[in-house]
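Structural overview
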Amino acid sequence: MRLILLGAPGAGKGTQAEMLTELFHIPIISTGNMFRAHLSQGTELGIKAKTYMDEGKLVPDELTIEIVKDRIVKDDCKNGIIFDGFPRTIAQAQALDDLLKELDITLDKVIDVEVPDEEIVTRMSGRTVCSGCGTPYHNQFKIEKVKGSCDNCNSELVQRDDDKEETVKKRLKIYHEQTQPLIDYYNAQGKLVEIDGIGSVSSINLRVKKALGVE
Ligand SMILES: [Zn+2]
């Protein structure tokens, strides 16, 4: 099973990726993880990537694809792959298609976990975290007993910058701008499956499995 997972930040894509990796015993391939692995091992590809990252630049597609290739030819990818957070652009998607063709690998499905923006904003902007012990709270799903202070240690609850409504909205805007072309691209290939990402983790997982024909 070779899959690509798409989904906005906060859509629960990562959770589904974890469940699929357990179900199929296939690895999750994310560029973040691969870059970190190359950097920590000080490989040639890692050193190249680092020069861009140090300058705050995006790693060029050709280099990213080289890193992807290096990863997907490894033994643990023989039975399948879950791409998470890659490809991000049409250029990357085309390069991935070329690479898969070269390796005689077929991409089975592209799963798009769909959650309306308003729902994501509610999920993310409602989060707070204890400034003392780090316990997470949510103004709808896990409410503290005394407003603004931690049930465990009474420390102040704070909102992470990443969870602020404006930040979430900005990230969603960028996500949609980047991802819509990919959705169209894979839809045209007949590989796109849209999954309703509202509901419990297990009910969403059931939808994913049905879409993959394993339930
Ligand atoms: Zn606390």
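These lines cover the structure that appears in this document, whether it is placed above or below. The structure presented is a predicted model; accordingly, all values stated were derived computationally and were not measured.

1. A short note on the coordination of the zinc ion
Each protein donor to the zinc ion is listed here as Cys130 (SG), Cys133 (SG), Cys150 (SG) and Cys153 (SG); together their distances run 2.2 to 2.3 Å. Taken together, the four donor atoms coordinating the zinc ion span angles of 98 to 119° at the metal, a pattern that classifies the geometry as tetrahedral. The exposure class assigned to Cys153 is partly exposed, which follows from its relative accessible area of 33%.

2. Considerations on the pairing of strand E5 (residues 127-130)
Across three bridges, E5 lies against strand E6 (residues 136-138) in antiparallel orientation. What sits directly across from Val129, in E6, is Pro136. The sheet contact formed by E5 and strand E7 (residues 157-158) spans two bridges and is antiparallel. Residue pairing in the sheet places Val129 in a bridge with Val158 of E7.

3. Structural notes on the sheet that holds E7
Within the open sheet, the three strands sit side by side as E6-E5-E7. Their pairing is antiparallel. A strand with exactly one partner marks an edge of an open sheet, and here the two such strands are E6 and E7.

4. Considering the nonpolar core
Ile4, Leu20, Val68, Phe83, Leu96, Ile120 and Tyr186 are the most contacted members of the largest nonpolar core, which has 52 residues in total. In terms of residue count, helix H7 (residues 165-188) provides more of this core than any other element does, seven residues in total. Here Leu20 is in contact with Leu3, Leu5, His25, Ile82, Val208 and Leu212, once residues within four sequence places are set aside.

5. Digging into the packing of helix H6 (residues 117-125) against H7
Look at H6 against H7: their axes get within 9 Å of each other, and the N-to-C directions meet at 140°. What the angle tells us is that H6 and H7 run oblique. Of the two possible hands of crossing, H6 and H7 adopt the one that is right-handed. Facing H6, whose interface residues are Asp117, Ile120, Val121, Met124 and Ser125, H7 presents Glu165, Val168, Lys169, Arg171, Leu172 and His176. The class makeup of the residues in the contact of H6 with H7 is five nonpolar, two polar and four charged.

6. Comments concerning the environment of Ala188
Secondary-structure assignment places Ala188 in helix H7. C-alpha of Ala188 to C-alpha of Ile47: the two residues are 141 residues apart in sequence and 37 Å apart in space.

7. Things to note about the side chain of His138
Relative to the assigned elements, His138 resides in strand E6. Residue His138 is classed as buried on the basis of its relative accessible area of 7%. In terms of polar contacts, His138 uses its side chain to reach the backbone carbonyl oxygen of Arg123, at 2.8 Å. Contact partners of His138, with chain neighbours within four places excluded, come to Thr122, Arg123, Gly126, Arg127 and Ile143.

Quick notes on the rules
Residues numbered from 1 in each chain as written. Predicted model: local features only at pLDDT ≥ 70, side-chain atom pairs only at ≥ 80, totals over all residues. Heavy atoms only, no water. Donors = N, O, S within 2.8 Å, 3.2 Å for Na, K, Ca; no water. Tetrahedral: all angles 85-135°; square planar, octahedral: opposite > 155°, others 65-115°. Buried < 20%, exposed > 50% of the residue type's maximum accessible area, 1.4 Å probe, protein only. Pairing = 2+ DSSP bridges. Helix = DSSP H or I, 4+ residues; strand = E, 2+ residues; numbered from the N terminus. Core = buried A, V, L, I, M, F, W, Y, C linked by side-chain atoms within 4.5 Å. Contact = heavy atoms within 4.5 Å. Axes fitted to C-alpha atoms, helices over the stretch in contact; angles between N-to-C directions. Parallel < 35°, antiparallel > 145°, perpendicular 65-115°, else oblique. Left-handed = near helix turned anticlockwise from the far one by under 90°. Nonpolar A, V, L, I, M, F, W, Y, C, P; charged D, E, K, R; others polar. Polar contact = N/O pair within 3.5 Å; in protein donor to acceptor, adjacent residues only side chain to side chain.

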